[in-house]
Amino acid sequence: MSMAYLAKGIAQASDLVKRFNRLAHVVIPGVEKWNYTFEDDWSGDPAIFFWVIVNDEASKPQNLRQVRAAFMAQINKDVDLPGEWGLIPYFNFRSRSEQAKLKDEVYE
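Residues numbered from 1 in each chain as written. Predicted model: local features only at pLDDT ≥ 70, side-chain atom pairs only at ≥ 80, totals over all residues. Heavy atoms only, no water.

Q: Describe the environment of Trp-51, with residues and values.
A: Here Trp-51 lies in strand β2 (residues 46–54). Sequence separation between Trp-51 and Leu-16 is 35 residues, and the spatial gap between their C-alpha atoms is 16 Å. Residues in contact with Trp-51, not counting those within four places in the same chain, are Lys-33, Trp-34, Asn-35, Tyr-36, Thr-37, Glu-39, Asn-92, Val-106 and Tyr-107. At 3.3 Å, the side chain of Trp-51 forms a polar contact with the backbone oxygen of Phe-49. (Helix = DSSP H or I, 4+ residues; strand = E, 2+ residues; numbered from the N terminus. Contact = heavy atoms within 4.5 Å. Polar contact = N/O pair within 3.5 Å; in protein donor to acceptor, adjacent residues only side chain to side chain.)

Shown next, in the form of structure tokens:
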């Protein structure tokens, strides 16, 4: 009988949440709000999904690449999700006006 592997990010989720709470004060230009969920990805691997709301100016194609890169760099700088926590990170970005129309709870 084999034992299932449980990623540290799932087994010790409260420790990871504390790390993210410390990042809550970090200002990333264009980012208004972010949230995350722990789920398995499409292949069944443990993952963390980031749900990021950016202001409408930041969501313009010429700005979004830089905002995405800055957000992802900040997370990766402070938390080694794949290496230390065993989680594959996925990043989803949405503009404030798009979220106002869709009202997707996962972003709030």
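Q: Describe the pairing of strand β1 (residues 31–40), with residues and values.
A: Alignment of β1 against β2, held across nine bridges, turns out to be antiparallel. Residue pairing across strands places Tyr-36 opposite Phe-50, the latter belonging to β2. Joining the antiparallel neighbours β1 and β2 is a turn of five residues, in which Gly-44 adopts a positive phi near 90°. (Pairing = 2+ DSSP bridges.)

Q: Please provide a residue-by-residue account of the pattern of salt bridges, values included.
A: Applying the stated criterion across every chain yields a total of seven salt bridges. Across the pair Arg-94 and Asp-104 runs a salt bridge whose closest N-O atoms are separated by 3.7 Å. Placement of Arg-94 in strand β3 (residues 88–95) and of Asp-104 in the segment after α5 (96–102) is noted, with a sequence separation of ten residues between them. (Salt bridge = Lys/Arg side-chain N within 4 Å of Asp/Glu carboxyl O.)

Q: Give a detailed account of the nonpolar core, specifying residues and quantitative values.
A: Phe-20, Phe-50, Phe-71, Ile-75 and Leu-81 are the most contacted members of the largest nonpolar core, which totals 21 residues. Elements with a minimum of two residues in this core: α2 (13–23), β1, β2, α3 (61–78), α4 (81–85) and β3. With four residues, the top contributor of residues to this core is β2. Aside from chain neighbours lying at most four places away, what touches Phe-50 is Phe-20, Trp-34, Asn-35, Tyr-36, Phe-71, Ile-75, Leu-81, Pro-89, Tyr-90, Phe-91 and Asn-92. Within the second largest apolar cluster, five residues are counted, among which are Ala-47, Trp-51, Ile-53 and Tyr-107. (Core = buried A, V, L, I, M, F, W, Y, C linked by side-chain atoms within 4.5 Å. Buried < 20%, exposed > 50% of the residue type's maximum accessible area, 1.4 Å probe, protein only.)

Q: A description of α3 should follow, citing residues and the corresponding values.
A: Taking 1.5 Å of rise per residue, the 18 residues of α3 would be expected to cover 26 Å, and the 26 Å separating its terminal C-alpha atoms lies within 8% of that figure. Those residues of α3 hidden inside the fold are in contact with α2, β1, β2, α4 and β3. (Expected span 1.5 Å × (residues − 1).)

Q: Can you explain unusual backbone geometry? Please cite residues and give values.
A: With a phi angle near 50°, Lys-103 is a residue other than glycine that sits in the positive phi range. Here Lys-103 shows up in the segment after α5.

Q: Summarise the packing of α2 against α3; cite the residues concerned and give the values.
A: Across the interface, α2 lies against α3 with an axial gap of 11 Å and an inter-helix angle of 130°. Judged on the interaxial angle alone, α3 and α2 are oblique. The element α2 and its partner α3 pack so that their crossing is right-handed. Contact residues: α2 offers Arg-19, Phe-20 and Leu-23, while α3 offers Gln-74, Ile-75 and Asp-78. (Axes fitted to C-alpha atoms, helices over the stretch in contact; angles between N-to-C directions. Parallel < 35°, antiparallel > 145°, perpendicular 65-115°, else oblique. Left-handed = near helix turned anticlockwise from the far one by under 90°.)

Q: Pulling in residues and values, what's your account of the confidence of the model for the protein?
A: On average, residues of the protein carry a pLDDT of 91, and 95% of them reach 70 or more. Taken element by element, the predicted model of the protein shows its lowest mean pLDDT in helix α1 (residues 8–11) (78) and its highest in β3 (97). (pLDDT = per-residue confidence, 0-100.)

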